[in-house]
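Here is how the chains run, residue by residue.
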Amino acid sequence: MSNVRLFEMNFDGRKLVVEHGEVAKQAAGAVLVRYDDTAVLSVCAIGKKPATANFFPLMVMYTEKMYAAGKIPGGFLKREGRPSDNETLTSRLIDRPIRPLFPKGFKYDLQIINTVISADTDKTPEMTAMFGSSLCLGVSDIPFDGPIAGVNVGRVNGEFIVNPTLEQMEQSDIELTIAGTKDAVNMVESSAKIVNEEDMLQAIMFGHGWIKKLVAFQEEIIAEVGKETGEYEYKVVAEEVHNKVVELVGAELIEAVKIEEKLARGEATDSITNKAVEQFEADNAGLDKDDLRSLVEDVKSVCSTLVQQEMRRLISEDKVRPDGRKLDELRALESKKDMFVRTHGSAMFTRGQTQALALTTLGSLSEHKKIDGMDDMEKKTFMLHYNFPQYSVGETGRYTGAGRREIGHGMLGERALRQVMPTEEEFPYTVRVVSEVLESNGSSSQATICAGSMSLMAAGVPIKAPVAGIAMGLIKEGDFYSILTDIQGMEDHYGDMDFKVAGTKDGITALQMD
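The notes below deal with the structure included here. Everything numeric here is computed off the predicted structure, so don't read it as measured data.

What about the overall build of the protein?
Point 1. Scanning the protein from N- to C-terminus turns up ten helices and 21 strands.
Point 2. Taken along its principal axes, the extent of the C-alpha atoms in the protein is 70 × 70 × 50 Å.
Point 3. Across the 514 residues that make up the protein, the buried fraction comes to 51%.
Point 4. For the protein, restricting intrachain contacts to residue pairs at least 6 apart in sequence, the fraction spanning at least 24 positions comes to 69%.
Point 5. Carbon and sulfur atoms make up 51% of the accessible area of the protein, which totals about 25,200 Å².

Structure below.
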């Protein structure tokens, strides 16, 4: 027997309805969210025991079913295949604001599955899925420091619009997606037609005002039907283990953090960590295999924490970064163009130990990309693809198709450069830019934008203006904070914010923040 509960709110003149208690009742949490004619089923499921992985195994999926738009999939099989770029990007978009809000030490397999069942693309299925993802966690017994919500923001004729229609977005000079809690914004994804910083900030604040309303609605629902937080195990390092690691290698790790060169610093911290691991293995040889593996992971975790604490202390107190730069100092820059004879355009951009090679190819308009999604068939004449081989960070690994990260970084670069591309009437060609990341120590997506801009010019594409990108960081300790210019990988990994911005000398063309 179902015990369905309905909740409804008016969201800027559109009906937002939540159904709970009728579908997917064996899952940890499930809600059916209707946003006018759009309907998304959001479900979360959790493993029975903590995972043995040393990371939080969260998987977020956003799936568009063609029946949602009254269409039959193309191709021989006539069923949905691999995820589209939009499905992949939306899955990332939902993951990013949710992932930081789980308790420290929570390591259960957790899956959040969003299925678009009915689609009116003017009533954003993507943001409906983000709302549902947060709410299905909120009504479950899974510990989650939410709720969160997200909205799209556009600006037409100087007026901001929440969740604009596709027609309104064609006229808009800002294409912004933001997410956050009632207290703060924790995810931004945007492209813009060369707008200034003040306008972008106003758009973010406008969107956050609507997010607060969606969060308040979720809180009402959770108060009515939400479960009490369940009893879960949390991975906590024993104080005895922590203290012994500090005694064994703490001083050495602190010194290793101060090594300026990335690979040398990494080799030093790895060697010191292995030293601690070997000592613990020798001292605990009698433990069974699983307990010993868990102990080793604890030792590695303490070593990583010590490196993080020292890096943050150096920046916050000494105002010195791991590679010796000042807080507002760029890494050394170098660029080259026209490197190859047979490519239409090529350029390489190097910033410190991050290097991107961009190659541009021109084709006829008939070579455009066809996108068969839930809306009408779309034609795309400008594409940017991003490749991140394992050797770029001195490692080996599997080589398969483009992963979520590569698709996401490629789309960020594409958004940044799309704003300065000529119209089809001005330049009747299909244009493809491919970025090969040859070396990486942070901000490879922004190096891609710099190299891509130069590569387009080298190919003779009459772009409106050159575009450059940079990643900024934040270290916050108590009431004090330090803003970092041109962050490297270590500062991204251990810092509090990754803020990527791209644009011309006159304004912003793309923005991303986590």
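From this point on, the discussion continues.
Observations concerning the pairing of strand β12 (residues 345–351)
Point 1. Taking burial as the measure, the seven residues of β12 include seven buried ones, the bulk of the element.
Point 2. Taking every second residue as pointing to the same face, both faces of β12 are buried, with Gly-345, Ala-347, Phe-349 and Arg-351 on one and Ser-346, Met-348 and Thr-350 on the other.
Point 3. Of the pairings in the sheet, the one linking β12 to strand β13 (residues 354–363) comprises seven bridges and is antiparallel in character. What sits directly across from Ser-346, in β13, is Leu-359.
Point 4. Hairpin connection of β12 to β13: two residues between the antiparallel strands, including Gly-352 at a positive phi of 60 degrees.

Here's the deal with the sheet that holds strand β11 (residues 333–337)
Strands pair in a sheet through their backbones, by hydrogen bonds, and they do so in one of two ways: parallel or antiparallel.
Point 1. If you walk across this open sheet you meet the five strands as β11-β12-β13-β17-β16, and the pairing is mixed. Whereas interior strands pair on both sides, the edge strands pair on one side only; in this sheet they are β11 and β16 (382–387). Ignoring which end each strand starts from, the neighbouring axes of this sheet average 15 degrees apart.

Quick word on the sheet that holds strand β2 (residues 14–20)
Point 1. With mixed pairing, six strands are arranged side by side in an open sheet as β1-β2-β3-β4-β6-β5. Lying at the two open borders of the sheet, with one neighbouring strand each, are β1 (5–11) and β5 (58–64). Direction aside, neighbouring strands of the sheet carry axes that sit 15 degrees apart on average.
Point 2. Along the sheet face, helix α4 (residues 197–225) touches β1 and β2 and points at about 165 degrees away from the line of β1.

Let's talk about the environment of Glu-310
Point 1. Relative to the helices and strands, Glu-310 is located in helix α7 (residues 289–318).
Point 2. Exposure remark for Glu-310: the relative accessible area of 6% places this residue in the buried category.
Point 3. Once the C-alpha coordinates of Glu-310 and Glu-255 are considered, the two residues, 55 residues apart in sequence, prove to be 9.1 Å apart.
Point 4. If we skip the residues at most four places from it in the chain, Glu-310 touches Ile-254, Val-257 and Lys-258.

A look at the environment of Ser-134
Point 1. Mapped onto the elements, Ser-134 comes out in helix α2 (residues 125–139).
Point 2. Exposure remark for Ser-134: the relative accessible area of 0% places this residue in the buried category.
Point 3. Each C-alpha atom, one on Ser-134 and one on Pro-97, is 9.6 Å from the other, the two residues being 37 residues apart in sequence.
Point 4. If near-sequence neighbours (up to four positions away) are discounted, Ser-134 is found in contact with Ile-98, Phe-144, Pro-147, Ile-148 and Gln-218.
Point 5. A polar side-chain atom of Ser-134 sits 2.9 Å from the main-chain amide nitrogen of Ile-148.

Let's talk about the packing of aromatic side chains
Point 1. Applying the stated criterion across every chain yields a total of 14 aromatic pairs.
Point 2. Where Phe-102 meets Phe-106, the ring centres are 6.0 Å apart and the plane angle is 5 degrees; that geometry is what we call stacked.
Point 3. With a relative accessible area of 10%, Phe-102 lands in the buried category.
Point 4. Exposure remark for Phe-106: the relative accessible area of 2% places this residue in the buried category.
Point 5. Measuring from ring centre to ring centre gives 5.1 Å for Tyr-108 and Tyr-232, while their planes differ by 80 degrees; the resulting arrangement is edge-to-face. Placement of the pair is Tyr-108 in strand β6 (residues 108–118) and Tyr-232 in the loop between α4 and α5 (239–257), with a sequence separation of 124 residues. Summarising the burial analysis for this pair, Tyr-108 and Tyr-232 share the class buried.
Point 6. Counting every residue linked through ring pairs, the aromatic cluster contains Phe-56, Phe-102, Phe-106, Tyr-108, Phe-144, Tyr-232 and Tyr-234.
Point 7. Against the face of Trp-210 rests Lys-213, its NZ or CZ located 4.0 Å from the ring centre.

Here we look at the nonpolar core
Among soluble globular proteins, nonpolar side chains are generally buried collectively.
Point 1. Formed by 70 residues in total, the largest nonpolar core has its most connected members in Val-18, Ile-98, Phe-102, Leu-137, Ile-142 and Val-151.
Point 2. Among the elements that line this core, the one with the most residues is α4, at ten residues.
Point 3. Setting aside chain neighbours within four positions, we find Val-18 in contact with Arg-5, Leu-6, Phe-7, Val-31, Leu-32, Val-33, Phe-131, Leu-135, Phe-217 and Ile-221.
Point 4. Leu-306, Val-307, Leu-314 and Leu-484 belong to the second largest nonpolar core, which has 28 residues in total.

Notes on the pattern of salt bridges
Point 1. Considering all chains together, one arrives at 34 salt bridges under this definition.
Point 2. Arg-96 is paired through a salt bridge with Glu-189; the nearest N and O atoms lie 2.6 Å apart. Separated by 93 residues along the polypeptide, Arg-96 in helix α1 (residues 85–98) and Glu-189 in strand β10 (residues 185–195) bring together distant segments of the chain.
Point 3. The exposure class assigned to Glu-189 is buried, which follows from its relative accessible area of 7%.
Point 4. The structure contains a network of salt bridges with shared partners spanning Arg-321, Asp-323, Arg-325, Arg-331, Arg-351, Asp-486 and Glu-491.

Side note on a negative patch on the surface
Point 1. Where like charges cluster on the molecular surface, the negative patch consists of Glu-261, Glu-267, Asp-270 and Glu-439.
Point 2. Here Glu-261 lies in the loop between α5 and α6 (262–283).

Examining α6
Point 1. The terminal C-alpha atoms of α6, which comprises 22 residues, lie 32 Å apart, in line with the 32 Å expected from a rise of 1.5 Å per residue.
Point 2. All buried positions along α6 are accounted for by Arg-265, Ala-268, Thr-269, Ile-272, Thr-273, Ala-276, Val-277 and Phe-280. Taken around the axis of α6, the buried residues stretch over an arc of 170 degrees, which confines them to a single face. Facing away from the buried side of α6 by more than 90 degrees, the exposed set consists of Glu-267, Glu-278 and Ala-282.
Point 3. Lining the buried residues of α6 we find α5, α7 and α10 (489–494).
Point 4. Of the residues that open α6, the one with a side-chain oxygen 3.0 Å from the backbone nitrogen of Leu-263 is Glu-261.

Thoughts on the packing of helix α8 (residues 404–418) against helix α9 (residues 444–458)
Point 1. At a closest axis distance of 9 Å, the pairing of α8 and α9 adopts a crossing angle of 45 degrees. The angle between α8 and α9 places the two elements in the oblique class. Of the two elements, α8 crosses α9, and the hand of that crossing is right-handed. Counting all contacts with α8, which are made through Arg-405, His-409, Leu-412, Gly-413, Ala-416 and Leu-417, the residues of α9 involved are Ser-444, Ser-445, Gln-446, Ile-449, Gly-452, Ser-453 and Leu-456.
Point 2. In terms of residue class, the contact of α8 with α9 is made up of five nonpolar, seven polar and one charged.

What counts, and at which threshold
Residue indices follow the written sequence of each chain, beginning from 1 at its first position. Totals for whole chains, interfaces and linings use all residues, but because this is a predicted model, local features are given only for residues with pLDDT of at least 70 and pairs of side-chain atoms are given and counted only at 80 or more. Note that the side-chain values use all heavy atoms of the structure and ignore hydrogens as well as water. In this description a helix means any DSSP run of H or I spanning at least four residues, a strand means any run of E spanning at least two, and both kinds are numbered starting from the N terminus. Partly exposed describes any residue whose relative accessible area lies between the buried limit of under 20% and the exposed limit of over 50%, with all areas from a 1.4 Å probe on protein chains only and scaled to the type maximum. Should any heavy atoms of two residues lie within 4.5 Å, those residues are counted as being in contact. Surface exposure here means Shrake-Rupley accessible area, sampled with a 1.4 Å probe, where a residue is shielded only by the protein chains that are shown. Strand pairing is assigned whenever DSSP detects at least two bridges linking the two strands. As a rule, the C-alpha atoms of each element are fitted with a line to give its axis, helices using only the stretch in contact, and angles between N-to-C directions run from 0 to 180 degrees. Polar contact is defined as a pair of N or O atoms within 3.5 Å, subject to the rule that within protein one atom must be able to donate a hydrogen and the other to accept it, and that residues adjacent in sequence are counted only when both atoms are side-chain atoms. Paired rings are identified among Phe, Tyr and Trp, the last through its six-membered ring, by centres lying within 6.5 Å, and are further divided according to the angle between planes into stacked (under 30 degrees), edge-to-face (over 60) and tilted (the rest). A ring is scored as having a charge over it whenever the NZ atom of a lysine or the CZ atom of an arginine sits within 6 Å of its centre and within 35 degrees of its normal. Put simply, buried Ala, Val, Leu, Ile, Met, Phe, Trp, Tyr and Cys residues joined by side-chain atoms within 4.5 Å make one nonpolar core. The rule for a salt bridge is simple: a side-chain nitrogen of Lys or Arg has to be within 4 Å of a carboxyl oxygen of Asp or Glu. Residues enter a patch when their relative accessible area is above 30% and they make no salt bridge; the linking distance is 9 Å between like charges and 5 Å between nonpolar side chains (Val, Leu, Ile, Met, Phe, Trp, Tyr). Neither His nor the chain ends is counted toward charge; the positive residues are Lys and Arg and the negative residues Asp and Glu. Where a charge lies is defined by one atom per residue type, namely NZ (Lys), CZ (Arg), CG (Asp) and CD (Glu). For a helix, the expected span equals 1.5 Å multiplied by the number of residues minus one. Summarising the geometry, the arc corresponds to the directions from the helix axis toward the C-beta atoms. In what follows, roughly perpendicular refers to angles from 65 to 115 degrees, roughly parallel to angles under 35, roughly antiparallel to angles over 145, and oblique to any angle outside these ranges. Take the far helix as your reference; a near helix turned counterclockwise from it by less than a right angle gives a left-handed crossing, and one turned clockwise gives a right-handed crossing. Only Asp, Glu, Lys and Arg are considered charged, only Ala, Val, Leu, Ile, Met, Phe, Trp, Tyr, Cys and Pro nonpolar, and every remaining residue, Gly among them, polar.

As far as function goes, none of this settles anything; it's purely spatial.
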